[in-house]
Amino acid sequence: MQTITTDLVKQTIIKRPADSYKGTYGRIMLIGGNQNFGGAIIMAATAATYSGAGLVTVATDPSNFTSLHAQLPEAMVMDYQNTPQLLALLKGMDVIVIGPGLGTEPGAETVLTTVLTHVTVQQRLVLDGSALTLLAANPQPLPASPIVVTPHQMEWQRLSGLKIADQTPAANQVAAQRLHVTAVVKAHRTTIYAGTQAWRNPGGSPAMATGGMGDTLAGMVGGFLAQFADFNHAILSAVYLHSAIADDLAQTRYVVLPHQISAEIPKYMHHYSQL
Ligand SMILES: NC(=O)C1=CN([C@@H]2O[C@H](COP(=O)(O)OP(=O)(O)OC[C@H]3O[C@@H](n4cnc5c(N)ncnc54)[C@H](O)[C@@H]3O)[C@@H](O)[C@H]2O)[C@@H](O)CC1
Ligand SMILES: Nc1ncnc2c1ncn2[C@@H]1O[C@H](COP(=O)(O)OP(=O)(O)O)[C@@H](O)[C@H]1O
Ligand SMILES: [Mg+2]
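Residues numbered from 1 in each chain as written. Chains lettered and ligands numbered in written order. Predicted model: local features only at pLDDT ≥ 70, side-chain atom pairs only at ≥ 80, totals over all residues. Heavy atoms only, no water.

As recorded in an unreviewed UniProt entry, the protein goes by ADP-dependent (S)-NAD(P)H-hydrate dehydratase and comes from Lactiplantibacillus daowaiensis. Reading the Sequence similarities (unreviewed entry) entry of the UniProt record for the protein gives the comment "Belongs to the NnrD/CARKD family." (UniProt positions renumbered as here; feature names shortened; annotations may be inferred.)

A.B. asks: How would you explain the sheet that holds strand β7 (residues 147-149) if you had to name every residue and give the values?
C.D. replies: The strand order β1-β10-β9-β8-β7-β6-β5-β2-β3-β4 describes an open sheet built from 10 strands, whose pairing is mixed. Only two strands of the sheet have a single neighbouring strand rather than two, namely β1 (2-3) and β4 (76-79). Pairing between β7 and strand β8 (residues 182-185): two bridges, direction parallel. Following the sheet pairing, Val149 is matched in β8 by Ala183. Along the sheet face, helix α4 (residues 83-90) touches β2 (27-31), β3 (55-60), β4 and β5 (95-98) and points at about 150° away from the line of β2. Sitting on the sheet, helix α8 (residues 169-179) touches β8, β9 (191-194) and β10 (197-200), and the angle it makes with β9 is about 40°. (Pairing = 2+ DSSP bridges. Helix = DSSP H or I, 4+ residues; strand = E, 2+ residues; numbered from the N terminus. Contact = heavy atoms within 4.5 Å. Axes fitted to C-alpha atoms, helices over the stretch in contact; angles between N-to-C directions.)

A.B. asks: Residue-level account of the packing of helix α5 (residues 106-118) against helix α6 (residues 129-137), with values.
C.D. replies: Two elements in contact, α5 and α6, have axes whose closest approach is 10 Å; the angle formed by their N-to-C orientations is 90°. Judged on the interaxial angle alone, α6 and α5 are roughly perpendicular. Each of Ala108, Glu109, Leu112 and Leu116 in α5 lies in contact with α6, whose residues at this interface are Ala131, Leu134 and Leu135. Looking at the contact of α5 with α6 residue by residue, the classes come out as six nonpolar, no polar and one charged. (Parallel < 35°, antiparallel > 145°, perpendicular 65-115°, else oblique. Nonpolar A, V, L, I, M, F, W, Y, C, P; charged D, E, K, R; others polar.)

A.B. asks: So what's going on with the pairing of β8? Residues and values would help.
C.D. replies: Regular strands have side chains that alternate between both faces of the sheet. Alternating positions in β8 separate into two faces, Thr182 and Val184 on one and Ala183 and Val185 on the other, with burial throughout. In this sheet, β9 lies alongside β8 in antiparallel orientation, the contact comprising three bridges. Across the sheet, Val185 pairs through a bridge with Thr191, a residue of β9. Here β8 hands over to β9 after five residues, the two strands then running antiparallel side by side. (Buried < 20%, exposed > 50% of the residue type's maximum accessible area, 1.4 Å probe, protein only.)

A.B. asks: Quick one: what's the story with the nonpolar core, residue by residue and with numbers?
C.D. replies: Ranked by size, the top nonpolar core spans 55 residues in total, and within it Leu30, Phe224, Leu225 and Leu241 carry the most contacts. Ignoring anything within four residues of it in the chain, the contact list for Leu30 reads Ile41, Ala44, Ala45, Ala48, Val56, Thr57, Val58, Ala59, Val97 and Gly219. Leu102, Ala131, Ala176 and Ala183 belong to the second largest nonpolar core, which has 36 residues in total. (Core = buried A, V, L, I, M, F, W, Y, C linked by side-chain atoms within 4.5 Å.)

If you want it as structure tokens, here you go:
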């Protein structure tokens, strides 16, 4: 198992070409946020936007529109239950993040199935939170697109069938290969599996143990995938930076909140792009 290095991160986060515009940095749709979990998709969308995704659209329950706009006027919104509009907008996306706060009601299952059956091989897919729980409860074929899953240990247990005590690197690797995904298995020391390769994230602390911390990571992963060509390096860099920012903030804070991490992302990306 390799440790994610600052070298990898600085090779991934490159300076932006002068001759570029918002379209250069990717169109991303984040899907989730039911009537109870609106905060989850707001945190994910905030992280994606602060990570530099060029155009951000949030497909969510309409009850979240006003709070989302108040927090993040950069984002566009749509009702995730409006299937014709969802399908029309999905076509133009480079990256789709689905799951933060999606919930597990039947309507959520319908949205997930719609996305899984229409996403194309050119589109990158991030599956997090409720999308993983839904998928585990009712397995359905995954598209041939590049896919990353970002489960916490219980979500990984549901999805892979591996009990938390049995989630060894060797077993996780086999499970990720069987699912044909890159798996970010979140824990105190998050590990990432892609094909025959595995990495360990060196950072992170219990100061990060706040609801929404994983939603924020899912948004960062999506934002990085919208901009950086190498699929696994984009994911690894997002995982590394998420905890590196938290570790710096935790030097003077007992807890680090998800939105505090998002606020720091542009500064840290600037730093790594200069190295
Ligand atoms: N403000 C919000 O709107 C928030 C919404 N959230 C959303 O709520 C939905 C449910 O996600 P949850 O993760 O809360 O619930 P889940 O039911 O999926 O997982 C929590 C369960 O897993 C167990 N567990 C075991 N190991 C764990 C580990 N390492 N990390 C976390 N749980 C572990 C817990 O004890 C608990 O029983 C997701 O869609 C998520 O995105 C959460 O992110 C919390 C914040
Ligand atoms: N004790 C800890 N040490 C390191 N990282 C932690 C710790 N507790 C939580 N985290 C990180 O916080 C995030 C939690 O993700 P998740 O459980 O999906 O949160 P949520 O769904 O509430 O947004 C993961 O990135 C995890 O690695
Ligand atoms: Mg989560």
